Structure formats: structure tokens, C-alpha cells
Amino acid sequence: MPEVLTIIARLVESQGDGLFCTIWLLDEDGKYLHCSAAPSLPGFIAQIGRAEVCAKGASCGTAVYRREPLYVTDILTDPIWDNYRDRVLPYGIRSAWSRPLFTREGKSLGAFSIHSREPRSPSAADLQLIENASDIIGIAIERHLNEEQVRRTEAYLTEAERLSHSGSFVWDVHRPGPAYWSAEMCRIHGRDPSQGPPLFEEDRSLQSAEDWAGLMAAAEKSMREKTDIDYDSQLLFPDGSTKNIRIVAHPVMNSDGDVVQFVGTTIDVTEQRRAKAALETALTEIRKSEARLRTIINTIPVMAWCALPDGFAEFHNQRWLDYTGLSDEEGRGWGWRTAIHPEDSQAAVDEWRDITASKKPGEGERLIRRFDGEYRWHMYRAEPLLDEQGNVVRWYGTLTDIEDRKRAEDRLRSSEQTFRQIVNSIPGLVSTLTTSGEIEFVNNQTLEYLGKPLDELKNWAVSDAVYPDDLPVVIDTLRTSIETGQPTDVELRLRRADGIYRWFLLRRLPQRESHGHIVRWYTLLTDIEDRKQAEDNIRRSEAELRQILDFTPQYVAVLAPDRDRTRLYANQMALDYLGFTLEEWQNTDRHEYIHSDDWERVARETQDKLLRGLPHEFEVRLRGKDGKYRWFLRRRNPVRDEQGRLTRWYSAATDIDDRKRAEQRLRDENIALREEVDQASMFEEIVGSSAALRGVLSQVAKVAPTDSTVLILGETGTGKELIARAIHNRSNRSTRPFVRVNCAAIPQSLIASELFGHEKGAFTGATQRRLGRFELAHEGTLFLDEVGELPAETQITLLRVLQEREFERVGGSRPISVDVRVLAATNRDLNAAVGSGSFRQDLFYRLNVFPLEIPPLRERADDIPVLVEYLVERYAKKVGKRITNIKKKTLEQFQAYAWPGNIRELQNVVERAVVLSDGDTFCVDQRWLEPKHPFESRLSDTTEKALRRLDADREKGIIEAALAETGGRIAGPSGAAAKLGIPRQTLDSRIDILGINKNRFKSK
């Protein structure tokens, strides 16, 4: 619209020299004009904005206000421009000729103005131009508004059809069939509005033959009689659903009077039909319910009534009629007044009118006459029934006989006088309160102490009767007591009449009637000033004691004598250790800072003492604020009063963690020592001086002072453990434990638990926590004998310990750091084990930092005489014999023998010979040193080391010959491993590497 008005304004401006136009439109409420076109005044619309329609609304606003043209010759002098002059002068406007714009019906649309830059009046041509332009602009604006109105009307109609479920249509009689369907018409018939109206056959297919025939008959009648159609039908959809519709149509006739079209609407009345059916059903039920309700109301043991919104009584139940002796007709309207006591009748009517006017529930007490003429007190209650708008629909009420209650109240008032006399004689401050907490009575002692009358005491909460610091707590406590109906105790300070505050204990108890409802509160105030002063003295003494305890170098706690041993106090030293405040300590579960392994033991040890109130002590681990546990010795002593009753438990805890750790370390070392003593061989020192042995001892001297891991290699019985002990004894760890583990002697399922320990419950049989060998060897040496027998999963854990120096117990989750030097020994070929995959390569390199190979006894023939002499002396002393001579032949035999079992075999032979010796000369049976089988003699000097020196084919042939000799048996005294003088595991490994099928040698 602004574009059209701008074009018109430019056309008008082109007709006059030096003239320029503005066009103004009226807003919807008719109060302001808004400038919509000012083509020759740039920025004018934004600057001026709007003009008020009033007597001083500039030329345009005033013209619309007066509803007549207004021609201002000079805006500088005309008062109607006072409010707008400063805003238009910058645009050079001096004269303004305005004409209001109207519709054909005379409705204001706005104003048209022509302006000049000079003060002057319009000429006749100017006036004609203004008139013509105003007519054109008015027509343009009115047309635009009409178009907008049509568009809005169409939108409203579409929305109205959608909301009312009604669609419009046009039916062509000659075609025949629908010529137009609205969008809602399509939706009612289950069609997409974009499809438009259906064909004749499509429309007919949605209705039954009976309904369609009836509709056609109604149409023929309408065309014949020129009347409207009003027909109910039903739509049948393919999915089985139905709709009830109402068709209303008006015939449209041509100039000859023939009906050519029907214009009408179709209304979806499905929901209306359903609602009507439901309403009829509901009305039927209501009528039945109303009859039942009247029967129920007439039988209930209460006088009930019902009244119209204005208070007109329309119903009294049978009990009311029987009580008053009035008929239903006599009680209707305002006839019920005759049943009210004459002195109370008018007040009852006035009160009832007030209640009906307020539209709120009401109640009261009235004397009502019984049929026999006796008046009795009744309490009435009236409740309004409101509709959704809050209007009263009915009043319902009841009457309850309270004659007995009124008489009881009279008796109660009489007894209250007696009660007051008794209360006034009590040596305490007594008061009674209503159910809401308002003071209704105080005894004389209260009035005398406070020095205030009862009226002032009723406002005690805002007076100086209660000490200001105590007032909020007292108010809150008493309010809570009234809300919950529970008795309460509270201590407060009350101001005496002379201005001195003294401490009182306030106790408040409720009085309840037979049904448990509170009818009154009783309050007793007892002077406790002396007790409070004594408590203050005790508190000061306790504060001094606590300061002393806070500086005490022990962890002190005070417990109550109850079953839970409620925690009352802990000194600052104890709180600092635990990392708690006093309140946190009191509310924290003891399980959180007492070690779980100690809880049951402590409870078991102390339960009887606590029940009997006896002093006792126990050791327990407590967790500090750093999360670590320390051992404490805790002593508890009972405190009793003068009557011997237990009043407190005092507990003092002394830190004994360093002592416990030292004891534990000593126990651990003793355990390790005992195990080592039990398992140690009889060798207490290394005997020999051969070159081979000296070479080994030289290496021991060099590696011992370091912390390097040593891998000791050698045949079985060569003294690998003695070498390990020698390394430990010459190391910096010699004063710390030496722990030995035989990896081959421990079942694979227990090796991890043996090395790393386990937690309680980690597996079946783990009834308590056990320290592993690594923990026992902390700061010392761990000797892993037969390390080549470790299972694969344990190898992984061992590798981690060697790399990171920490591990976790079996069943545990906390890493444990250790400082352990590891010495390992094996008689296996670890290179071959790595090749076969039975030993981890990375673990091998971790262990093989310093390999140390022990020579077999056959390579130390020079050491045999010395060893024999040493062993003979030891075993002779052991069995109580004295042997002073060793045959030279015996020594030669010993030096000539291959000793496949090395020193262990030598030890056994010497011990047997000493036991069997009768004199002082040592000798052996030569048969002991002879091969038992030809095969043994052939292989007597064939050891594990010798086998490794052979080529693969030769080694394979020797092993196969041994398997054939033993029938495929590997282990045992008569097995192939014993025949070859090598460990069973080594033989298994070589069989796998060389691809030997040992099953083919087994006896069938």
C-alpha cells in the first residue's frame, strides 16, 4: 500500500509547481495518523512518525478530528501546529492544506495534505486538485482495506469450517456432480484438499444405496418445490469406519426459475451423535442416582437440607421433618424460621442472608425447637456448590445436636474455677494456651514474677519478657510444637519484674479430648538458674581439661556409656591424625578409619570388658588423613559416679607403629630364617681350591657388592645355592634377609601366592592375609632356585617386578613397592627353553645380567680329597664316630668317578660309608661307584653340557638310545633323564627341539 500511495503523491506533485504531498493513514483505534507517503520529503516519515487526532494535531490530525478540510496559510502563526512546528520547519514547510479521507459509509480513513514552502492560501485550482486527489486516494485505500477484509474473511471462514467440522460445497444439477468443495469438505470425506471435489460416482460410493436414494429424493423435492434441503446421512469408508453427516443446501435458480445449482454445507455430527447418546445415558443414571441419594439422605442420622442460590430452602430430609414436626411444604422457602427460638429467629435469618451473599461456607449455633416443644442447641454448617465460573448452584447444609456438648462446656467452666485456684497455689509459672498458642490464663506467680498484666503477656513475643537472644529459638520451638501436636522442652531466660533475667525450663504438654484432638496447651516454667550456673562452672572446667588434653602427646577420646559408645570428644591431636573435625569424627562410621582386618578381633576382645565396665587395652590399626594405617595401643578406662554408675569411657591411644613394624620385620626374618634352616643343605661354606672354583669365586667377589641380578647356571647338585648365599653374604644387604624359593617344588597354582602373597579370601583356603617371599625379602636378597620351572603367567608378573620394583598381592588391588636383589639359578638350558617358547625371552634377558656358570664336580677333581675329608669329619661327628684315616685307594676311586649327581651324590656316598664304617678308617664299597648298566657306562661322562657340545644328529641318536633303553620313560630313577644325567625338564625340551617321538619307544 505505501508504494501505491507514493505513486499517487508523485502524480499530484507533478500537477502543481513547488507543491509537495503527504498522505496519512488512521490506526485501528482512531487515535493517531501515521505518515505513509512523503516522496519529496526524505526522512520525513521517520522523523515525524505520527500525528495525534485532536484539536491541535497539526493540519492533518485536526482535519480528521473536525471531519472537514483545514487550510493553514502559515504554520508559524497557527496554534494547531504548536506541538509539531519544530519538527516540520527543517523541511521547509510553511503552509499546509489538509483534507480528511472517508469511505462511502463515512468512516475515517486518514488525511491528504499538500504543502508549500511559502505562506499562502490555496487557489481554486489547488482546491480542485486537493478534492480530486483525496477522492482517488480514498478509493485506493478503501479498495485495499476491502481486499484485506476479504482475505481475512476467507481465512476466518476456512478456520471456522475446520473448527466446526463443516464444509461448503456447490452441486451442479445438470452435470450432475460437485462443482466446488472447500478444504474441510474434502477432509470430512477423507480426501486430500489438493485433490479437489470428487466425481459423481466417487461421491455416491461413500454412501449406502439407501442414504443416496434418500438424498436424491430430497434434491428432487427441493427442485420441484424450491425449498431447502436438510438431510442426515452416513459416510462409509473403505477401512470400515463411518461418519454421521448433516447436509444443508439451498437451491440456486436461473432467470427462468429453474434450479441449476445447490449451495450448501456438510457438517460432521459424529461426535455430536456420540455426545448426545452419552448425555442421554448420563441423564438416565443421574435420575436413578438422585432417587437413591434422596433415599440415603433420608436415612442418614443427620438433619440435612438443600437451598437455592438465594437461600430459598427447597428440600429437608426426613430426619429434619421428624425432629421439627413440620411438613415438607411448611419447611420450604423461609418457613424453617418457625423452628428457631423466637429470640434467635431474626438473627438466624440475617446471618443466613450474609452467608448466601458471601458465597462462602458458613457455620454457627442455634436453638432449634423439637416437635415436643423443647429447644436444643444445634450447630449448623452450610457449603456452597459452585459451577466452573464460581457461581453458586446450590447450598447444602447439616444440623448437628450439640446440646450435650454445651452442657459439658458449662460443667467445664465450673471446674475451671477450681483449676485456677489449684494452679495459683503451684510454686511455678503456669499458663494455659488455646489450640493456636494464644495465652488464655496465667497463675498469680507468673503475674508477680513478670510484673505484667495478662493482656501484655498475650503479646510476649514482642515484649521484653524473653531475653532477645533466646526469643527466635523459643518462638520456633513453640510454633513447631503446636503444628505437630508434640510436647516440647526449651530453656530460656525470663525478665523478672526488677529487670533481672533468670534461666527457666519451659515444658509444654497438650490436653486432648476423647478422640485425640488437642483442646488446650499447658505450660510450666521452672526456675533453673542455679543449675545453669553449676553447668557453666562444669563447662569451664571441661574447657580447661580439653585444652590440657589437646596438648597431651596421646590420642584421647571420650565415649558415652551407651550400647553404641557414642563419641563425645576427641583431643586435637587425634582429630589432626584422622583428618576430621569433631563433628565429622562423631558422625563418621568407625569402619572408615579402623582397619577391616582388625574390626572383628577388636570387637571380640573388648565386648565382654565393655559390658562389664572393666578397664582394658587392645592393639588396632587406624587410618590417618594421608590414607595410611598405623598401629596404636588403645587403653580404655571407665568413669563412674558416686553411685557406681558408668558415666563415661576415657580412651587413650599410643602410636606403636614403629615398634609393630620392627616386630613384624623381626618375625618375617625369623620365618624366612626358619624356612631356610629347614631347607638348607648341610653345606655351611664352599670347600675347594681348584682353578675352576677359584674362577667362580673371583666372579662372586666382583658382583657381590653390586645390586646386579645374577643368573647362576650349573648341573644339579653343584652348589648353586651356596654360591647365591656367598653373593648375599658379601653384598651390602648381608644384614638383611636371604629368602630362598624352589620354583620347581611349589605347585603351579600356588607359585604366584608364594612369591607375591595373597589377601584374605583371595581363593579357597585363604583364611588370612599372607606375605609373599618378595615382601619377606624386602631390602634383602631373593634366591629363585629352578627359575626355569616358573609357569608362563608367573613369568609375566616376575618380569614386572624386575622392571618396576612393585607388584600386587593375589586378590589385592594396591601396588606394593619392594627393594629386593634377585638371584636366580637353573640347571636347564634357558636358551633352548626360550627357543621352544616355554620361557619368556624378555625375562631371560632381565635375569641374564650377570651369568655365573658353576663347574661340575668331575671338572674339580682336585677338590675331591678336600671335600671328602670335610664331609667325613662332619658325618662322623653327627653319628658319634671317630674316623682319622681315609684310604688312598678310596680317594683315587672318588677322583676317577664321573659324579653325575655332583656334590650331592658325593655327600650321599660319604654319609652312607660313614654309617657303615666300623673302624677309624674311611672306605667305600667299590660297587657303589660302578655303572649299573652298560648304557650307563657308555654315557657316564655324557652330561647336559657334553650333549650341548654335540651336533644335532649325534645328540638325537644318544637321546633315542636312552629312550629305547628305558622303554620311553623319561622321569624317575630308571628314566632316560637319570640315565643321561640331565634334568627331566631339560630332556623334555631337547626332545621337543629335536623332533623326537618318544611314544614310539614305549612298551606295547
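Residues numbered from 1 in each chain as written. Predicted model: local features only at pLDDT ≥ 70, side-chain atom pairs only at ≥ 80, totals over all residues. Heavy atoms only, no water.

The name an unreviewed UniProt entry gives the protein is Sigma 54-interacting transcriptional regulator, with Alloacidobacterium dinghuense as the organism.

**Structural notes on the overall build of the protein**
Operational definition: Per the convention used, a helix needs a DSSP run of H or I reaching at least four residues, while a strand needs a run of E reaching at least two, with both numbered from the N terminus. Note on method: radius of gyration uses C-alpha positions; expected globular size equals 2.2 Å times residues raised to 0.38. Exposure classes here rest on a 1.4 Å probe applied to the protein chains alone. A residue is buried below 20% of its type maximum, exposed above 50%, and partly exposed in between. When checking whether two residues touch, look at their non-hydrogen atoms; a contact exists if any pair is within 4.5 Å.
A count of helices and strands for the protein gives 36 helices and 35 strands. Taking 30 Å as the expected radius of gyration for a compact globule of 1004 residues, we find that the protein reaches 60 Å, considerably beyond that expectation. Here the protein, with 1004 residues, has 41% of them falling under the buried criterion. Considering only contacts within the protein whose residues lie at least 6 apart along the sequence, 53% involve residues at least 24 apart.

**A few points about the nonpolar core**
Applied cut-off: The criterion is simple. A nonpolar core is a set of buried Ala, Val, Leu, Ile, Met, Phe, Trp, Tyr and Cys residues joined through side-chain atoms within 4.5 Å.
Grouped together as the largest cluster of nonpolar side chains are 32 residues, with contacts concentrated most on L755, F774, L782, L784, F839 and L847. Looking at this core, the elements with two or more residues in it are β28 (738–742), α24 (748–756), α25 (773–776), β29 (781–785), α26 (792–804), β32 (821–826), α27 (830–836) and α28 (841–847). Tallying contributions element by element places α26 first for this core, with 4 residues. Beyond its immediate stretch of four places on either side in the chain, L782 contacts V739, V741, R773, F774, A777, V820, R821, V822 and L823. Counting 25 residues, the second-largest nonpolar core is a separate cluster that includes F20, A51, V88 and Y91.

**Side note on the pattern of salt bridges**
We apply this condition: The salt bridge definition used is simple: a Lys or Arg side-chain nitrogen within 4 Å of an Asp or Glu carboxyl oxygen.
All told, the structure shown has 62 salt bridges when counted by the stated rule. The partner of R120 in a salt bridge is D126, with the nearest N and O atoms 3.3 Å apart. Look at R120 and you get partly exposed, because its relative accessible area is 27%. According to the relative accessible area criterion, D126 is buried, its value standing at 10%.

**Some words on the UniProt feature "domain: Sigma-54 factor interaction" (unreviewed entry) in the protein**
This is how the line gets drawn: UniProt positions are given in the numbering used here, feature names are shortened, and annotations may be inferred rather than shown by experiment.
According to UniProt, the positions carrying the feature "domain: Sigma-54 factor interaction" (unreviewed entry) are residues 686–915. Helix makes up 44% of residues 686–915 and strand makes up 13%, while its end C-alpha atoms are separated by 24 Å.

**Describing the sheet that holds strand β20 (residues 501–512)**
Keep this limit in mind: When DSSP finds two or more bridges between a pair of strands, those strands are recorded as paired. Helix axes use the C-alpha atoms of the stretch in contact, all axes being lines fitted to C-alpha atoms, and the angles between their N-to-C directions lie in the range 0 to 180 degrees.
If you trace the 5 strands from one edge of the open sheet to the other, you get β18-β17-β21-β20-β19, paired in antiparallel fashion. In the strand order of this sheet, the two ends are held by β18 (439–442) and β19 (488–495), each with one partner. Strand-to-strand, the axes of this sheet are offset by a mean angle of 25°, without reference to chain direction. Bridging between strand β17 (residues 429–433) and strand β21 (residues 518–527) involves 5 bridges; their strand directions are antiparallel. Bridging across to β21, L429 finds its partner in L525.

**Some words on α24**
Within the sequence span of α24, burial applies to I751, S753, E754, L755 and F756. Residues of α24 that are buried in the fold lie against β28, α25, β29, α26 and β30 (806–807). Positive backbone phi, approximately 80°, marks G757, located one or two places after α24.

**Quick notes on the packing of aromatic side chains**
Test applied: Two aromatic rings from Phe, Tyr or Trp, using only the six-membered ring of Trp, form a pair when their centres are within 6.5 Å; if the ring planes differ by under 30 degrees the pair is stacked, by over 60 it is edge-to-face, and anything between is tilted. Put simply, a charge is over a ring when the Lys NZ or the Arg CZ is close to the ring centre, within 6 Å, and near the line of the ring normal, within 35 degrees.
Here the structure, examined in full by the defined rule, presents 22 aromatic pairs. Between Y577 and F632, the ring centres sit 5.2 Å apart and the planes meet at 70°, which makes this aromatic pair edge-to-face. Taken as a pair, Y577 in helix α18 (residues 572–578) and F632 in strand β25 (residues 629–640) lie far apart in primary sequence, 55 residues in all. Judged by its relative accessible area of 14%, Y577 falls in the buried class. Assessed through its relative accessible area of 1%, F632 is described here as buried. Here F756 and F807 contribute two aromatic rings whose centre-to-centre distance is 5.6 Å and whose plane-to-plane angle is 40°, an arrangement assigned as tilted. With a gap of 51 residues between them, F756 in helix α24 and F807 in strand β30 connect regions that are remote in the sequence. Per residue, the accessibility class of F756 equals that of F807, and both read buried. Here a set of aromatic residues connected by ring pairs shows up, and it is made of F894, Y897, W899 and F922. Sitting above the plane of the W377 ring, K406 keeps its charged end 4.7 Å from the centroid.

**Structural notes on the sheet that holds strand β14 (residues 362–369)**
Adjacent strands of a sheet pair through backbone hydrogen bonds, lying either parallel or antiparallel. With antiparallel pairing, 5 strands are arranged side by side in an open sheet as β13-β12-β16-β15-β14. Two strands close off the open sheet at either side, each with one partner strand: β13 (313–316) and β14. If you compare each strand with its neighbour and ignore which way they point, the axes differ by 25° on average. Relative to strand β16 (residues 392–401), strand β15 (residues 375–386) is paired through 9 bridges, and the arrangement is antiparallel.

**Some thoughts on helix α12 (residues 345–358)**
Each turn of an α-helix holds 3.6 residues, which means side chains three or four residues apart point in the same direction. Test applied: By this rule the span expected of a helix is its residue count minus one, scaled by 1.5 Å. Arc definition: it is the arc formed by the directions from the helix axis to the C-beta atoms.
Between the first and last C-alpha of α12 there are 20 Å, a value that for 14 residues agrees with the 20 Å anticipated at 1.5 Å per step. For α12, the full list of buried residues reads S345, A348, V349, W352, I355 and T356. Taken down its axis, α12 places every buried residue within 125° of arc, on the same side. Residues D354 and A357 are exposed on α12 and point more than 90 degrees away from its buried face.

**Here's the deal with the pairing of β25**
Pairing of strand β24 (residues 616–623) with β25, which is carried by 8 bridges, proceeds in the antiparallel orientation. Residue R623 lies in a different strand from β25, and its bridge partner there is Y629. Linking β24 back to β25 in an antiparallel pair, the connection comprises 5 residues, with G627 at a positive phi of about 85°. Inspection of the sheet shows β25 paired to strand β26 (residues 646–655) by 9 bridges, in the antiparallel sense. Paired with R636 across the two strands is S651, which belongs to β26.

**Re the confidence of the model for the protein**
Heads up, the rule is: Note: pLDDT gives the predictor's confidence per residue, expressed from 0 to 100.
Of the residues in the protein, 92% have a pLDDT of 70 or more, and the chain-wide mean is 84. In the model of the protein, helix α32 (residues 934–939) stands out as the element of lowest mean pLDDT, 40, in contrast to strand β27 (residues 710–713), which has the highest, 94. Scored below 50 in pLDDT, residues 677–684 shows 14 contacts in the model against residues more than four places distant or in partner chains. Scored below 50 in pLDDT, residues 933–942 shows 17 contacts in the model against residues more than four places distant or in partner chains.

**Structural notes on the side chain of S731**
Tracing the backbone through its elements, the reader meets S731 in the loop between α23 (720–729) and β28. Judged by its relative accessible area of 7%, S731 is buried.

**Some thoughts on the packing of helix α34 (residues 952–965) against helix α36 (residues 984–994)**
Counted only if it meets this: By the definition adopted for this analysis, an angle is roughly parallel if under 35 degrees, roughly antiparallel if over 145, roughly perpendicular if from 65 to 115, and oblique otherwise. Each crossing is labelled by how the near helix is turned from the far one, with a counterclockwise turn of less than a right angle marking it left-handed and a clockwise turn marking it right-handed.
Packing of α34 against α36 leaves a shortest axis separation of 11 Å and a crossing angle of 120°. By the angle between their directions, the pair α34 and α36 is classed as oblique. As for how α34 packs across α36, the hand of that crossing is left-handed. On the side of α34, the interface is formed by A952, E955, K956, I959 and L963, while α36 contributes L987, R990, I991 and L994.

**What to know about the pairing of strand β1 (residues 19–26)**
Counting buried residues in β1 gives 6 out of 8 residues, a clear majority hidden from the surface. Looking at chain direction, β1 and strand β6 (residues 108–116) are connected through 7 bridges and run antiparallel. Of the residues in β6, the one forming a bridge with L25 is G110. Pairing geometry for β1 and strand β2 (residues 32–37), over 4 bridges, is antiparallel.

**Some remarks on unusual backbone geometry**
Positive phi outside glycine occurs at A58, with the angle close to 65°. With respect to the helices and strands, the residue A58 is situated in helix α3 (residues 58–66).

**Considerations on the state of the cysteines**
What makes a disulfide is a covalent bond joining the sulfur atoms belonging to two cysteines. Heads up, the rule is: We call a pair of cysteine sulfur atoms a disulfide when they lie within 2.5 Å.
Overall, the coordinates contain 0 disulfides when judged by the stated rule. Here C60 is not cross-linked by a disulfide; its sulfur's nearest cysteine counterpart is in C35, at 8.0 Å.

**A look at a nonpolar patch on the surface**
Stated precisely, the cut-off is as follows: Without a salt bridge and with relative accessible area above 30%, a residue can belong to a patch; like charges are then joined within 9 Å and nonpolar side chains (Val, Leu, Ile, Met, Phe, Trp, Tyr) within 5 Å. Computed with a 1.4 Å probe, the accessible areas rest on the Shrake-Rupley method; for each residue, only the protein chains presented here act as cover.
On the surface, L385, V393 and Y396 cluster together into a nonpolar patch covering about 240 Å² of accessible area. With respect to the helices and strands, V393 occurs in strand β16. For V393, a relative accessible area of 33% translates into the label partly exposed.

**Here we look at the environment of V519**
Along the chain, the position of V519 falls in strand β21. Put simply, V519 and Q15 are 504 residues apart on the chain and 97 Å apart in space, counted from C-alpha to C-alpha. The residues touching V519, leaving out its near neighbours within four places in the chain, are T435, Q511 and E513.

**Describing the packing of α24 against α26**
Any two packed helices are characterised by how steeply their axes cross, that is the angle between the axes, and by the distance between the axes. Going by this rule: Residues were grouped as follows: Ala, Val, Leu, Ile, Met, Phe, Trp, Tyr, Cys and Pro as nonpolar; Asp, Glu, Lys and Arg as charged; and all remaining residues, including Gly, as polar.
Where α24 meets α26, the axes come as close as 10 Å, and the angle between the chain directions of the two elements is 20°. Considering the angle they form, α24 stands roughly parallel to α26. Pair α24 / α26 crosses with left-handed handedness. Judged by residue contacts, I751, A752, L755 and F756 of α24 engage T794, T797, L798 and V801 from α26. Looking at the contact of α24 with α26 residue by residue, the classes come out as 6 nonpolar, 2 polar and no charged.

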